[in-house]
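Coordinate inspection notes
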Amino acid sequence: MKVVYNWLKDFVDLTAPPQELASRLALSGTNVGSVENGPHGAVIDAEVGSNRPDCLGHYGIAREVAAIYKLALKHVSLKPAESAAKAGDAIKVEIQSPELCGRFTARVIRNVKIQPSPKWLKDRLEASGVASISNVVDISNYVMLELGHALHTFDYDKVRDHKIVVRKAKPSEKIRTLDGVERQLDSGMCMICDGDGSRTVGIGGIMGGAETEISFSTKNVLIECAWFDPIAIRRATRFLKLHTEASTRFGRGADPEMAELASRRCAELILQLAGGELLAGVVDVYPGKRVPKKIRVTRAEILRVMGADVPDKQIEASLTALGFAPVRIDHNRGAEGSLLATWECTQPSWRAEVEREIDLIEEIARIYGLEKFPPRLPAARQGASRLPHHEAETRLRERLIGLGYREIVTIPHVAEERDALFRPAGVLPARLSNPLSEEAGVLKSTGIVTMAAALEWNLNHGQRNARLFEIGRHYRLEGNQSLETRVLTLGATGEAREKGLYDSAREFSFADLKGDLDAIGQLVGSGHDARGFDWHDGGTDWLHAAKRGKMSIAKTELGVAGQLARRVADRLKLRQDVFFAELELDALYAAIKAAKTSRRYEPLPRFPAVERDFSLLLADGITFAQIVESIRSLNIPEITSIETVDLFRGKNVPAGKVSLLIRVTFQSREATLMDAQINHFVGKVISILEHRHGAQLRAS
Amino acid sequence: MPTVDNATAKTLNELGVNDAQGVAEIFAEVRARFDRQVALDTDGIRNLMLQQAWLGSDRDPVTSLRNFWLGRKAGVLTLITENWLKRSPPSLKGVIGKQFNELKSHIETKLAEQRKRIEEKTEAAALTREQVDLSLPGVIHPIGSHHLIRQVFQEIEDIFFSIGFSVVEGPEIETPYYNFEALNIPEFHPVRDDMDTFYIDLPEGAPTPLLLRTHTSPMQIRTMEKQKPPVRVIVPGKVYRRDNPDATHSFMFHQVEGLAVDTDITFCDFTGTIEYFVKQFFGAGVKTRFRPSYFPFTEPSVEFDVSCIFCGGSGAAAGGGVCSKCKGAGWIELFGAGMVDPAVYGFVNYDAKKVSGFAFGMGIDRLAMLRYGIDDIQVFFQNDVRFLKQFP
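Cut-offs applied
- Residues numbered from 1 in each chain as written.
- Chains lettered and ligands numbered in written order.
- Predicted model: local features only at pLDDT ≥ 70, side-chain atom pairs only at ≥ 80, totals over all residues.
- Heavy atoms only, no water.
- Helix = DSSP H or I, 4+ residues; strand = E, 2+ residues; numbered from the N terminus.
- Rg over C-alpha atoms; globule rule 2.2 N^0.38 Å.
- Buried < 20%, exposed > 50% of the residue type's maximum accessible area, 1.4 Å probe, protein only.
- Lys, Arg positive; Asp, Glu negative; His and termini not counted.
- Charge placed at Lys NZ, Arg CZ, Asp CG, Glu CD.
- Polar contact = N/O pair within 3.5 Å; in protein donor to acceptor, adjacent residues only side chain to side chain.
- Salt bridge = Lys/Arg side-chain N within 4 Å of Asp/Glu carboxyl O.
- Pairing = 2+ DSSP bridges.
- Contact = heavy atoms within 4.5 Å.
- Axes fitted to C-alpha atoms, helices over the stretch in contact; angles between N-to-C directions.
- Phe/Tyr/Trp six-rings, centres within 6.5 Å; stacked < 30°, edge-to-face > 60°.
- Lys NZ or Arg CZ within 6 Å of the ring centre and 35° of its normal.
- Buried area = accessible area lost by both parts, 1.4 Å probe.
- Nonpolar A, V, L, I, M, F, W, Y, C, P; charged D, E, K, R; others polar.
- Parallel < 35°, antiparallel > 145°, perpendicular 65-115°, else oblique.
- Core = buried A, V, L, I, M, F, W, Y, C linked by side-chain atoms within 4.5 Å.
- pLDDT = per-residue confidence, 0-100.

A tally of helices and strands in chain A yields 20 helices and 35 strands. Taking 700 residues into account, the globule formula puts the C-alpha radius of gyration at 27 Å, and chain A, at 41 Å, lies well above it. For chain A, the C-alpha atoms occupy an extent of roughly 130 × 65 × 50 Å along the three principal directions. Each of the 700 residues in chain A was classed as buried or not, and the buried ones make up 53%. With 95 positive and 91 negative side-chain charges, chain A shows a separation of 1 Å between the mean positions of the two kinds.

Time to look at the side chain of A:S630. Residues and elements named next belong to chain A. Structurally, the position occupied by S630 is in helix 19 (residues 624-632). With a relative accessible area of 2%, S630 lands in the buried category. A polar contact of 2.6 Å, which involves the side chain of S630, links it to the side chain of H693.

Below, the discussion takes up the pattern of salt bridges. Per the counting criterion, the structure on display carries 77 salt bridges over all chains. Two residues, A:R299 and A:D312, come together in a salt bridge whose shortest N-O distance is 2.4 Å. Within this pair, whereas A:R299 is found in helix 10 (residues 299-306), its partner A:D312 is found in helix 11 (residues 312-321), the two being separated by 13 residues in sequence. In this structure, A:R299 and A:D312 share a single accessibility class: buried. Of the charged contacts, one joins B:K110 and B:E113 as a salt bridge, the two residues approaching to 4.0 Å between their closest N and O atoms. Note that B:K110 and B:E113 are positioned in helix 6 (residues 90-130) at a spacing of three residues, about one turn of the helix. Exposure remark for B:E113: the relative accessible area of 39% places this residue in the partly exposed category. Put simply, A:R52, A:D54, A:R63, A:E64, A:R351, A:E353, A:E363 and A:R366 are held in one network by salt bridges that share partners.

All names here are of chain A. An order of 17-19-18 is seen for the three strands of this open sheet, with the pairing classed as antiparallel. The open sheet terminates on both sides in strands that have one partner only, identified here as strand 17 (294-298) and strand 18 (327-328). Against the sheet, helix 10 contacts strand 17 and strand 19 (342-346), and its axis sits at roughly 65° relative to strand 17. Against the sheet, helix 11 engages strand 17, strand 18 and strand 19, with an angle of about 5° to strand 19.

On to the packing of aromatic side chains. A complete count under the given rule lists 35 aromatic pairs over all chains for this structure. Geometrically, the ring pair formed by B:F290 and B:F304 is tilted, given 4.9 Å between the ring centres and 40° between the ring planes. A residue pair is termed long-range when its members are at least 10 positions apart, and B:F290 in strand 6 (residues 288-295) and B:F304 in strand 7 (residues 298-307) qualify at 14 residues. Taken as a pair, B:F290 and B:F304 share a single burial class, namely buried. Here the basic side chain of A:R386 rests over the ring of B:F161, its NZ or CZ set 3.9 Å away from the ring centre.

On the side of chain B, 98 residues touch chain A, which itself brings 90 residues to the contact. Between chain A and chain B lies a buried interface of about 8,000 Å² when both sides are counted; carbon and sulfur atoms form 56% of it. The largest per-residue losses of area from chain A upon contact with chain B belong to A:R304, A:R406 and A:L436, which jointly make up 9% of the total buried on that side. Summed over the shared surface of chain A and chain B, the number is 11 salt bridges. Here A:R381 and B:D264 are joined by a salt bridge, their closest N and O atoms 2.9 Å apart. Across the chain A-chain B interface, the total number found is 45 residue pairs in polar contact (both at pLDDT 80 or more). Counting residues per element, the side of chain A that touches chain B draws most heavily on strand 24 (residues 466-478) of chain A, at eight residues. Looking at side-chain class alone, the side of chain A that touches chain B contains 41 nonpolar, 25 polar and 24 charged residues.

This paragraph deals with the sheet that holds strand 13 (residues 207-208) of chain A. Residues and elements named next belong to chain A. The mixed open sheet is built from five strands, whose spatial order is 5-8-11-12-13. At either end of the open sheet lies a strand with only one pairing partner, and these are strand 5 (92-95) and strand 13. Bridging between strand 8 (residues 163-168) and strand 11 (residues 190-194) involves five bridges; their strand directions are antiparallel. Counterpart to I164 in the pairing with strand 11 is D194.

Take A:N679: it is sitting in helix 20 (residues 675-693). Residues A:N679 and A:R612 lie 67 residues apart in sequence; the distance between their C-alpha atoms is 9.7 Å.

This part is about the packing of helix 10 of chain A against helix 12 (residues 357-368) of chain A. All names here are of chain A. Running from amino to carboxyl end, helix 10 crosses helix 12 at an angle of 75°, the nearest separation of the two axes being 10 Å. As summarised for this structure, helix 10 and helix 12 are arranged roughly perpendicular, according to the angle between their axes. Here helix 10 contributes E301, I302, V305 and M306 to the contact with helix 12, which in turn contributes E357, I358, I361, I364 and A365. Within the contact of helix 10 with helix 12, the residues separate by chemical class into seven nonpolar, no polar and two charged.

This brings us to the environment of A:G41. With respect to the secondary-structure elements, A:G41 resides in strand 3 (residues 41-47). Sequence separation between A:G41 and A:N6 is 35 residues, and the spatial gap between their C-alpha atoms is 6.9 Å.

All names here are of chain B. The N-to-C vectors of helix 5 (residues 76-85) and helix 6 enclose an angle of 175°; their axes lie 11 Å apart at closest approach. Of the possible angle classes, the one that applies to helix 5 and helix 6 is roughly antiparallel. Across the interface between the two elements, L77, I80, T81, W84 and L85 from helix 5 touch K93, I96, G97, F100, L103, K104 and I107 from helix 6.

This part takes up unusual backbone geometry. Cis peptide bonds are those with omega within 30 degrees of zero, and the linkage from B:P229 to B:P230 qualifies with 0°. With respect to the helices and strands, the residue B:P230 is situated in the loop between helix 10 (218-226) and strand 4 (231-240). With a phi angle near 55°, A:N635 is a residue other than glycine that sits in the positive phi range. Along the chain, the position of A:N635 falls in the loop between helix 19 and strand 33 (639-648). Residue B:N383 is not a glycine yet carries a positive backbone phi of 60°. Its relative accessible area of 0% is what places B:N383 among the buried residues.

In terms of nonpolar packing, the biggest core is built from 120 residues, with A:F422, A:L564, B:I156, B:I200, B:F277, B:M362 and B:F380 touching the most fellow members. When residues in this core are grouped by element, the largest group, eight residues, is from helix 11 (residues 267-282) of chain B. Other than its neighbours up to four places away in sequence, B:I200 contacts A:A430, A:R431, A:L432, A:S433, A:L443, A:L477, B:I173, B:L210, B:L211 and B:L212. The next biggest cluster of nonpolar side chains, apart from the first, holds 104 residues, and it includes A:V4, A:F104, A:V137 and A:A254.

For the rest of this paragraph, the subject is the confidence of the model for chain B. Here chain B averages 89 in pLDDT, and 97% of its residues register 70 or above. Per-element confidence in chain B is highest for strand 2 (residues 173-174) of chain B, whose mean pLDDT is 98, and lowest for helix 1 (residues 4-9) of chain B, whose mean pLDDT is 66.

Right under this line is the structure:
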């Protein structure tokens, strides 16, 4: 709403300069976008809240100004000269749908002269950003901008039978509106019709029809000034996708009492600028007349909500200026500042949204000044808690960052085809019914989708080394229910170690990914066996069939890890190896918490450890885990660790075989181990490996 | 004059030394010879020792010199003890002994000095050789980082946690009831036009529509449903509005919701809490102001402004003209907030006559953009490593 500074002076004796006025308006609730000095004086761009339809006109803003500066608001009282002929004989109005149209007033002016508007009118419209058309049309816009109430003018002679019927639209009914567009109507809409009611001449409160509009040949004018139900208007504008100055005002709740006054103002201006004679009286059908509500406000409640007092005079002055007509009704009447003070107020017709005590308190506070309520910090009443998984997540984050992963944050909206690449079979994705584009039509059903996009972005922008993580959610449907699951997603590509002065470069490999995950797994392990995740063959089909695995803790599946399958990488045009992992966080957090609870100190050994290496020649396919399992099955408590230190295929190793160097550490908690004991253990180890796995011991 | 080598192989008598005067002279001669030798440089000593057949080629010449003079079996001093001291007449023994002790002490001191000199020199040479170039990079192990949005979340969480606010989270896919109705935003409320909403495509006949929450405020309702007052929570999370993306709009962004409800929370407590937060976050020098505003679920509602952190609230740019960040206003709008509207309590069975409280919802992306001078919101979600590295 463009507020023309000089226009306000028609209603209040304003002396404050425009900048100061703008600032005071902003601090009392009328948000100000900008103040501009134009050819017609200062124009304040006021961003009027959707709860303040009364401020969509200069008169309403002037009322705010009067309240802020304690100025008198000039009343709009008009008595345009009327002819002997009566309006009631010239026009009939019938409201068939009073639930949609609460009031309809009609005035008729004969023998007007349609012509361009005078300069002063054009100037004010121009300052308000409205184009000038002709005097009668301009006047209806002018009155709307002045009093905040939208009107419509018809060419009286084009209204059939000189009768207006207000009714609901019929299904599949159509109208060609003023803007020349033919519009399909919906049954809840309020239609202005003429004659027997069969022809629509306007969509009530939104836009007039083309057939009865004012033209330069118009002689006689019918002024419609009505009131329409705000919800019906909003429903209609949403259906029609048509927003007009009129629909904005009626949609937020116009003042039904203003309808007649605005009509009179319009008639007065037409007489003044277009001549003609105004038929006596007004046809006023008013089925929606409301009895003004009484609302009470007490000092006790002001104190309870605001935490500081407002003087009686301030309360009364503010409420009076805003039209609430406060009356002290408590027994302590006359006692200034009484804690029992109660005022009974009357809701003005232009403030339908003010219905409750709290609404009045807001009015009092905003005019008094919010800065007058002294800020203080409330005392905490109880201990505060973090999220239940806060500690586990913090530990996880520390690890990830220590391991070199950078956190990313992504928008979960992805393209269906991308999501489908990674979506597990049988999973129902959460599709949007109104996406902005197909590229963002579905919420990711796994974090891999957006992780892949992040790696892709980096590769396309010359960043070929990336190690990324996201702690986020994936989104799925289960029937009619949504399912949001917290997940950790890892993505890595490029060099695990970049070439530097001291080291050569090394590409990221599956072993890097597994090592990083095992470092996270340490958080759920305990004692010397800190590698917490169990690894299993398998995984999803978008992972490389030979370089992937599944992780679990005890029997709980946690997720998958591996290299992206080449076919998928080709599809995404990723020209280098990329690695992904995704873990379900609720299970991981639970395990981290449980491990913390059960973790106990293990006394450090006092006796030396002895290492023995076993260089084994094994058939391909025998896993390290099988070797460990066999050695563990010997139940030698002195074996404290089994590690592999070298793995070799090729030269000097027969085809189909692999050379594996195992390092076993022996240590006793009771005594230093003797050579004989160790040799005895070594013999058992060799024997079981030979026996179970056909291992050959190589000379090392 | 006999050389020392020869001389020490003989007795003093054989050398014709019979009196104290002679003893002094011959000891002076030995001492002079030592002084000449000890003054030689390392190479000189090496040559000398080779000449004396006292040094293997790989031996340290300084050690050899020491052994030549002080060696227990065949050092010069040992020879002097054996041939001069022990085999001289008792009348001269006192004089010889005295001279001997002086010589020994002199040699030991000089050799120790020589060793120290050489060691210092060696060390200096080594330091020069081993000096690190501090301008060369060290070995850098790859280190990760938190996303900037996360860092800001954490900071805000810590500030509110310190004044008694608990942290809760909620679903991003919500029902219209929690996102709108229970927040006093019925269908066809004009505010819904400002919150263009994404809906989930559900199978035909689904009982409730699902949408992507347009704010974190649904958690106000979910929290109060579960818990009786006192309530003090903040809710970090993602929110969604169906806006076309540009430099200042993303259809996904982040909010932190706050809610405090108790029997004695007033507007003053509300502004005090917000001011405390802002001074912690932006610094104590920042000025604040509350402007009346409108939200269906708070009343009184406010917009909260801080003095522009770029121009210090003056509205003028450093190089002249108008500050581009606050457009000359001197203030920057931060977020909306207010006292919880009593109508909201009706949805969660709180007694609006007995409790009161405040709520706020702040956009995190915007806070981060303001504080770090980021001019394009999209950069947060592209996750370019070069961006991520800027916020270690």
